[in-house]
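Listed below, chain by chain, are the residues.
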Amino acid sequence: VGCGYVWGQSGASAIRIGKKDGVAQLTIDQQPFLILGGELGNSSASNMDYLRPYLPHIREMNLNTVIAPVYWELLEPEENRFDFTLVDSLIESARRYDLKLVLLWFGTWKNSMSCYVPIWMKTDSKRFPRTFDSSGRSQEILSVFGSETLEADKKAFVTLLRHIRENDASKKTVIMVQVENEIGMLSTAREVSDKANALYKARIPEELAHYLQQNDQRLVPELRKRWEENGRRVDGAWEDVFGRGLATDEIFQAWYYGKYVNAVALAGKKEYNLPMYVNAALPRPGVLPGRYPSAGPLPHLLNIWQAAAPAIDILSPDFYNPDTRYWCDLYLRNENPLFIPEMRFDKTVAAKVFFVVGHYNALGFSPFSIESESDASAPLARSYAVLQQLSPIITGRTYLGMDGFLFDKKDRADTIRMGHYRIALSHYNVLPWAHESRDSVWSTTGGLIIQTGADEFLVAGTGFVATFSNTDTALVTNIASSDEVSYIDGKEVLGRRMNGDQDHQGRHIRFSTDEWGIQRVRLYNSPAV
Ligand code: N0T
């Protein structure tokens, strides 16, 4: 492809991330699959008697995928003795509820730390070296430079992938794997061992030099700026190429994290070629490298990770605080697909899922600790029910256009242009009769619009008002009809005709804050004068 970064190395495998009309897409046996997921709390999949009772409720929430950990310490309790009891039982339970699985490889690192590394490794810091904090004290974060650590991680991961291939390749319950979890150096921005220091003083790796030369047009501005300010060098040490300071420490560490993860992922893919991704804990603005989990797959290190880890298909953000729009934009650069494996499971997720799917073409969405609220009437369950129905249309991409919108602040409004229409969108509470319009905080709502014909749209979501007008001021646009629709086995089924109170006598399309649904809208135009 010339950019050095291929879409993972999924090749012709049965489950892969490819592109359709320039948009990333996950397919299983050529069928597109939109992940409507939820991630389990960290400890919930460590005991199936604990997890099992939650699964029927998770299924009732209309999830199609569960994201679940595989814990290295439980998989390989003694060196070279692997115990697949838990993994097998997880896969079998997922099948029973018709759920797909994304597995989280809790390997060498989990939220920076090495807490899931088997105890036979933890107690052998000669073979499996640790890192040291800024005051020189050993910390439970294994060094990225431990060659035996890498070999051990690879071996366990390969054994896991082989086992999944042997037991699941025909059923395809497991559809993707996350390699490690929220990698990030702490206390210092990079490791400071003798080995690390020597590498830091040496010339940057040939591979990175080559990448910089080939991809100078593709560097994210955060990296390009440093590289250009230092004379676009490819032949010096890290500080010659990227300048002095903590930012370069972080770039250095990111490169070696990326190489490590790539070696693990590549070895696993050779055994069973599943799509693989890594995730990142996002830093708060203004915090210095070392004070947040540094050098993970963060937007300002995007090319470093892509160059070091071409076997990884997606760099993913975990959303716990931040501005969804800001971070999604940063992750969708340089061909990186958007997949959100974790999001704080609060009241806003039900609206956000429409936005990230409709506006950003996300491959999937997954609130964290999904078992903590598993109720068929939960807002997320209702959003997933809508998206599950629309999924063939969304992923089929035969429409003229799609966009999503999110009302996460009082009085936020949006305008979308599609074909010759302008669609004004606002929160349901702008309507004078909305019960909550005087409340100081409005619930977060949202939806998506799909243009299915020149004058025809599907409008879906919750808690908003859509008003259509023609971009040609010589024309007045009105609603010919609005029909409530649902999709059963992929076939459109008509519900109510909504041409009276429900569309304000032809003025707008709306869903109240406790309505979820899909409407098929047909428009017509008349001369304005
Ligand atoms: C996530 C989850 C789990 C100002 C935390 C998020 C999961 C891990 N880490 O509940 O531990 O395994 O990936 C870190 C969030 C930082 C939030 C900062 C908020």
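The paragraphs below set out a description of the structure included in this document. Quick caveat: nothing in here was measured; it's all calculated off a predicted structure.

With respect to the packing of aromatic side chains
Turning to step 1, where the next piece is worked out: The final tally for this structure, using the stated rule, is 26 aromatic pairs.
Turning to step 2, where the next piece is worked out: Centroid distance W238 to Y256: 6.4 Å. Interplanar angle 55°. Geometry classified as tilted. With W238 in helix 10 (residues 238-242) and Y256 in helix 11 (residues 246-271), this residue pair connects regions lying 18 residues apart in the sequence. Like Y256, W238 is buried.
Turning to step 3, where the next piece is worked out: Ring geometry for F464 versus F511: centroids 5.5 Å apart, planes at 50°, classification tilted. Within this pair, whereas F464 is found in strand 20 (residues 464-470), its partner F511 is found in strand 23 (residues 509-511), the two being separated by 47 residues in sequence.
Turning to step 4, where the next piece is worked out: Owing to a relative accessible area of 0%, F464 belongs among the buried residues under this scheme.

Looking at the pairing of strand 10 (residues 276-281)
Turning to step 1, where the next piece is worked out: Burial analysis of strand 10 places six of its six residues in the buried class, the great majority of the element.
Turning to step 2, where the next piece is worked out: In strand 10, alternate side chains face the same way, and those of M276, V278 and A280 on one face and Y277, N279 and A281 on the other are all buried.
Turning to step 3, where the next piece is worked out: Alignment of strand 9 (residues 174-181) against strand 10, held across two bridges, turns out to be parallel. For V177, the partnering residue across the bridge sits in strand 10 and is M276.
Turning to step 4, where the next piece is worked out: In terms of strand pairing, strand 10 meets strand 11 (residues 314-319) through five bridges, oriented parallel. Bridge pairing in strand 11 links A281 to D318.
Turning to step 5, where the next piece is worked out: Each parallel crossover has a hand, and for strand 10 linked through helix 12 (residues 302-308) to strand 11 it is right-handed.

Examining the pattern of salt bridges
Turning to step 1, where the next piece is worked out: On inspection of all chains with the given rule, the structure shows 30 salt bridges.
Turning to step 2, where the next piece is worked out: K225 is the salt-bridge partner of E229, the closest N and O atoms lying 3.4 Å from each other. One end of the pair is E229 and the other is K225, both in helix 9 (residues 221-229) and four residues apart, which spans about a single turn.
Turning to step 3, where the next piece is worked out: In this structure K225 comes out as exposed when scored by relative accessible area, which is 54%.
Turning to step 4, where the next piece is worked out: Among the ionic pairs, E484 bridges to R496, the shortest N-O distance being 2.7 Å. One end of the pair, E484, is in strand 21 (residues 475-488); the other, R496, is in strand 22 (residues 491-497), with twelve residues separating them in the sequence.
Turning to step 5, where the next piece is worked out: Overlapping salt bridges bring together E456, D483, E492, R497, R520 and R522 as one network.

The rules we used
- Residues numbered from 1 in each chain as written.
- Predicted model: local features only at pLDDT ≥ 70, side-chain atom pairs only at ≥ 80, totals over all residues.
- Heavy atoms only, no water.
- Phe/Tyr/Trp six-rings, centres within 6.5 Å; stacked < 30°, edge-to-face > 60°.
- Helix = DSSP H or I, 4+ residues; strand = E, 2+ residues; numbered from the N terminus.
- Buried < 20%, exposed > 50% of the residue type's maximum accessible area, 1.4 Å probe, protein only.
- Pairing = 2+ DSSP bridges.
- Right-handed = clockwise from strand over helix to strand, strands pointing away.
- Salt bridge = Lys/Arg side-chain N within 4 Å of Asp/Glu carboxyl O.

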